[in-house]
Amino acid sequence: MKKLLLIVLLLSVTYVYAEDGSRLWLRFSSNGNAQVTSNIKGATVDIAIRELRKQWIGAGIKLNLTRTKEVNTLGSDGYIINGNRQTGISISSCSETGLLYGAYYLLRWQQTGLGDEINVSESPRYNLRILNHWDNLDRTVERGYAGQSLWEWDNLPSAISPRYEAYARANASIGINGTVLNNVNASPKILSIDNLEKVKILADIFRPYGIKTYLSVNFSSPTELGGLSTSDPLNKDVHLWWKSKVKDIYKLIPDFGGFLVKANSEGLPGPQDFGRTHADGANMLADVLKPYKGIVMWRAFVYNPNDEDRAKQAYQEFVPLDGQFRDNVIIQVKNGPVDFQPREPFSPLFGALKRTSIMPEFQITQEYLGFSNHTAYLATMWKECLDSDTYQQGKGSTVARVTDGSIYPQKYTAIAGVANIGTDVNWCGHHLAQANWYAFGRLAWNHELTAEDIINEWITLTFGASESKANIQNLNPILSKLMLESREAVVTYMMPLGLHHIFAFGHHYGPEPWCDIPGARQDWMPKYYHKADVNGIGFDRSSKGSNAVSQYHSPLSEELDDPATCSDNIILWFHHLSWDYKMKSGRALWNELCYTYDSGVKQARFLQKLWDEVEPYIDAERFREVQSKFKIQTRDAVWWKDGCLLYFQEFSKQPIPYNIERSIHELDKMKSFQMRISNHEKADINQLYNK
Ligand code: GCV
């Protein structure tokens, strides 16, 4: 019996300390001993007090949380912190949420060890910092690679997973203040009363953490759910149906955030089905939400299978509607004009909509960046977009500044990230992918932070608590280098020189530039994008081609239009160039393509080596799990290089330069190989390589 008890004890100790990644970046010490007081009471400030009491180290130190109108200018989420670690610190804000954000700032500050004196004043750049979950009611997650949906619809509203609160806490700790629970490919059923009662439970759990709940809605809900004969936005009964539905929602969830809508896109219904415009559709919903201060996030991800370049279509649809949307409508725009490719130029809609609120949408889940198998730290990609100059109101009109209210007045400013979260113990399917969730929140709060600042902070928080200071000092430079170079490595072996959308049809994991499905939509086929032929490769979007360059403001449009000035990392996005076109390096295009693919493989190997270097500085469990992911990533990089080069060689008819690595695959075998990866599964690597 004693033996058994000992085993149970040992097992439970191992369980408590197992580094399974479930604690994310929230590994503060739990030996707090400070005295925490506040001038107010409330559910949110109580969380702030609890967090600080538990985790702030400093016996006898007073931490004071004060709600005061004096800091109104910082907005409702802003805060001021000042004081000294040795003598006492005060946090002031005009709201409870501001105090909670201040508390998390303070704990981060303690963990990252920045000295004794603190004197900061912070407020977020975007008012609404929102996660979009592409989660379905059957708990599958579209483009999700971290297990099932967190939301246990079958068990709600009675059974409540402890993960709901853990999720809210993690989000609050990085300033995320909104969540859209369900897929933009929305089932009308989400609006049934049964489901709304479940949504209410989640909203109640999230509320004290400052998080508002939103839902994606299907534009045909009045017909599909309500039994009406039409969902025409200008029909009176349709309007009344939405009005009553919204009333029901607010009865259950008084601070409900609003709707996210994907309409007339990829087969989803929308106002155009009734001869109406996107503005008609969005405004009808905005009007019914307005009395409750709800908003509509209307997506601009629209394109049709016609002769027009897909990259131009969102701009063509939305620019003529500029100024026609209500002030509680925000147009949600993906960072690039096509679809979350590893590198895209920014969407030309940024800055072009001058009288319409607009918000960026980033994809945290790695649909086109190796799922949860490859390491790709995405803050570098998002910064590239946010810092891009649109020139729409002169030099310095960056994407960040045309969306955060600095240049155009917007009643609401917002930013969205498609979540990479699921039921996996480590939340994201890959320990290092947690950095992307973290980075999204931190950038949404302050887009001026650098990718490097964020990753250093994340490394210290995520690996710091279980390791000695010396280890962290050793770990930081290696891991930070790895993370900062990781996205570029993926771009280099997946889409060198701007080649894009050559992913396998369906799952978007591996390459399939040869893919040809008779009768399929052309704009879903890789050939539509790479346009390889005996003369050359690339999509001509210059003034001689589709003229997508004209949607950008001068001088960028001219820069992109000329292959001599267009950056090489995006050149085949904008130009169809001959195989012997002389690149800026002096090499012919074909050779440049070979060298670039090859350097992508080298970069993947380099990341793999860097990871092995961190072994002495981190726990064995996370080390091993990530190490095995790097093996997959490196093999995949070779697969990309071999598949693409051997295929494109059929057009270039030129040899692969001898000093790059020989291919280890046969093109015919690669072509006949069908990767059987469903959207909802991780890539099964045995299927990939053992066939
Ligand atoms: C939610 C891409 C993805 C789809 C996604 C769509 C969107 O096409 O492959 O899975 O659907 O974008 O953003 O609406």
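Residues numbered from 1 in each chain as written. Predicted model: local features only at pLDDT ≥ 70, side-chain atom pairs only at ≥ 80, totals over all residues. Heavy atoms only, no water.

A.B. asks: I'd like to hear about the overall build of the chain, residue by residue, with values.
C.D. replies: Secondary structure assignment for the chain yields 21 helices and 15 strands. In terms of overall size, the chain behaves like a compact globule, its C-alpha atoms giving a radius of gyration of 26 Å where 691 residues would be expected to give roughly 26 Å. Overall, the C-alpha framework of the chain stretches about 75 × 70 × 55 Å when taken along its three principal axes. The proportion of buried residues among the 691 residues of the chain is 62%. Pairs at least 24 residues apart make up 72% of the contacts formed inside the chain by residues separated by at least 6 positions. Accessible surface computed for the chain: about 26,100 Å², of which carbon and sulfur atoms make up 51%. Treating the 73 positive side-chain charges of the chain as one cloud and the 77 negative ones as another, the clouds have centres 4 Å apart. (Helix = DSSP H or I, 4+ residues; strand = E, 2+ residues; numbered from the N terminus. Rg over C-alpha atoms; globule rule 2.2 N^0.38 Å. Buried < 20%, exposed > 50% of the residue type's maximum accessible area, 1.4 Å probe, protein only. Contact = heavy atoms within 4.5 Å. Areas by Shrake-Rupley, 256 points an atom, 1.4 Å probe, with all protein chains shown as cover. Lys, Arg positive; Asp, Glu negative; His and termini not counted. Charge placed at Lys NZ, Arg CZ, Asp CG, Glu CD.)

A.B. asks: Could you give an account of the environment of phenylalanine 350, naming the residues involved and the relevant values?
C.D. replies: Looking at the element boundaries, phenylalanine 350 is found in the loop between strand 11 (329–334) and strand 12 (358–363). Classification of phenylalanine 350 as buried rests on a relative accessible area of 0%. Distance from phenylalanine 350 to aspartate 204, taken between C-alpha atoms, is 35 Å for residues 146 residues apart in sequence.

A.B. asks: Tell me about the state of the cysteines, and please be specific about residues and values.
C.D. replies: Applying the stated criterion across every chain, the model contains zero disulfides. Left without a disulfide partner, cysteine 385 is nearest to the cysteine sulfur of cysteine 566, which lies 17 Å away. Not engaged in a disulfide, the cysteine cysteine 644 finds its nearest cysteine sulfur in cysteine 594; these two sulfurs lie 11 Å apart. The exposure class assigned to cysteine 644 is buried, which follows from its relative accessible area of 0%. (Disulfide = S-S within 2.5 Å.)

A.B. asks: Before we move on, could you go through the sheet that holds strand 11 and cite the residues and values that matter?
C.D. replies: Ordered by their spatial adjacency, eight strands build a closed barrel running 6-7-8-9-10-11-12-13, and the pairing between neighbours is parallel. Taken pair by pair, the neighbouring strands of this sheet meet at an average axis angle of 25°, ignoring direction. In this sheet, strand 12 lies alongside strand 11 in parallel orientation, the contact comprising four bridges. By the bridge assignment, lysine 334 is partnered in strand 12 with glutamate 361. (Pairing = 2+ DSSP bridges. Axes fitted to C-alpha atoms, helices over the stretch in contact; angles between N-to-C directions.)

A.B. asks: Could you give me a rundown of unusual backbone geometry, with the residues and numbers involved?
C.D. replies: Following leucine 156, the chain continues into proline 157 via a peptide bond in cis, with omega recorded as 0°. Along the chain, proline 157 falls in the loop between strand 6 (128–132) and helix 4 (162–173). Across the junction of serine 554 and proline 555, the peptide omega takes the value 5°, indicating a cis bond. A positive phi angle is found at asparagine 547, which is not glycine, with a value near 65°. Position of asparagine 547 among the secondary structure elements: in the loop between strand 14 (536–537) and helix 16 (556–561). Residue classification places asparagine 547 among the partly exposed residues on the basis of a relative accessible area of 27%.

A.B. asks: Quick one: what's the story with the site of the ligand, residue by residue and with numbers?
C.D. replies: Around the ligand sit 14 residues in total, of which Glu142, Lys262, Arg299, Lys334 and Glu367 are the nearest. The contact in question runs from an oxygen atom of the ligand to an N or O atom on the side chain of asparagine 185, over 3.2 Å. A total of 340 Å² of accessible area belongs to the ligand in isolation, and the protein chains cover 96% of it. When grouped by side-chain class, the residues that make up the shell around the ligand number three nonpolar, three polar and eight charged. (Near = heavy atom within 4 Å. Polar contact = N/O pair within 3.5 Å; in protein donor to acceptor, adjacent residues only side chain to side chain. Nonpolar A, V, L, I, M, F, W, Y, C, P; charged D, E, K, R; others polar.)

A.B. asks: Residue-level account of the domain arrangement of the chain, with values.
C.D. replies: Domain boundaries in the chain define domain 1 (36–122), domain 2 (128–449) and domain 3 (491–687). With centres defined by C-alpha atoms, the gap from domain 1 to domain 2 works out at 31 Å. Across the boundary between the two partners, domain 1 contributes 14 residues, which contact 15 residues of domain 2. Of the roughly 1,100 Å² buried at the junction of domain 1 and domain 2 (both faces included), carbon and sulfur atoms supply 48%. Its largest share of buried area at the contact with domain 2, domain 1 owes to Tyr101, Tyr104 and Arg108, together 44% of the area lost on that side. For the pair domain 1 and domain 2, the interface holds three salt bridges. Here arginine 169 makes a salt bridge to glutamate 51, at a shortest N to O gap of 2.6 Å. Applying the counting criterion to the domain 1 and domain 2 interface returns seven residue pairs in polar contact (both at pLDDT 80 or more). Those elements that provide at least two residues to the side of domain 1 that touches domain 2 are helix 2 (43–55) and helix 3 (96–112). Ranked by residues supplied to the side of domain 1 that touches domain 2, first place goes to helix 2 with six residues. Residues of the side of domain 1 that touches domain 2, tallied by class, amount to six nonpolar, three polar and five charged. (Domains from an automatic or database assignment. Buried area = accessible area lost by both parts, 1.4 Å probe. Salt bridge = Lys/Arg side-chain N within 4 Å of Asp/Glu carboxyl O.)

A.B. asks: Now, about the side chain of serine 173: what can you tell me, with residues and values included?
C.D. replies: Mapped onto the secondary structure, serine 173 falls in helix 4. The residues touching serine 173, leaving out its near neighbours within four places in the chain, are Trp25, Leu26, Tyr104 and Arg108.

A.B. asks: Hey, could you go over helix 4 for me, with residue numbers and the actual values?
C.D. replies: Residues separated by three or four positions in an α-helix point in the same direction, a consequence of the helix having 3.6 residues per turn. Taking 1.5 Å of rise per residue, the twelve residues of helix 4 would be expected to cover 16 Å, and the 17 Å separating its terminal C-alpha atoms lies within 8% of that figure. Looking at helix 4, one finds that the buried residues are Arg163, Tyr164, Tyr167, Ala168, Ala170, Asn171, Ala172 and Ser173. Buried residues along helix 4 sit in contact with helix 3, strand 6, strand 7 (178–180), helix 5 (193–206) and helix 12 (434–445). The backbone nitrogen of arginine 163 lies 3.0 Å from a side-chain oxygen of the residue at the head of helix 4, namely serine 161. (Expected span 1.5 Å × (residues − 1).)

A.B. asks: Please provide a residue-by-residue account of the pattern of salt bridges, values included.
C.D. replies: Taken as a whole and assessed by the stated rule, the structure comprises 39 salt bridges. Of the charged contacts in the structure, one is a salt bridge between glutamate 367 and arginine 143, with a shortest N-O distance of 3.2 Å. Note that glutamate 367 is positioned in the loop between strand 12 and helix 10 (379–386) and arginine 143 in the loop between strand 6 and helix 4, a separation of 224 residues in sequence. The salt bridge partner of lysine 290 is aspartate 327, with a shortest N-O separation of 2.7 Å.

A.B. asks: Lay out the packing of aromatic side chains in plain terms, naming residues and giving numbers.
C.D. replies: Counting across every chain of the model gives 38 aromatic pairs. Between tyrosine 79 and tryptophan 445 the ring centres are 6.0 Å apart and the planes differ by 25°, which places this aromatic pair in the stacked class. On the criterion of sequence distance, the pair formed by tyrosine 79 in strand 3 (residues 79–84) and tryptophan 445 in helix 12 is long-range, its members being 366 residues apart. As far as burial versus exposure is concerned, tyrosine 79 and tryptophan 445 are alike and both buried. Every member of this aromatic cluster is reached through a ring pair, and the members are Trp25, Trp151, Tyr164, Tyr167, Phe206, Trp427, Trp437 and Tyr438. Over the aromatic face of tyrosine 303 sits the side chain of arginine 310, whose NZ or CZ is 3.7 Å from the ring centroid. Sitting over the face of the ring of phenylalanine 539, lysine 531 holds its NZ or CZ atom 4.5 Å from the ring centroid. (Phe/Tyr/Trp six-rings, centres within 6.5 Å; stacked < 30°, edge-to-face > 60°. Lys NZ or Arg CZ within 6 Å of the ring centre and 35° of its normal.)

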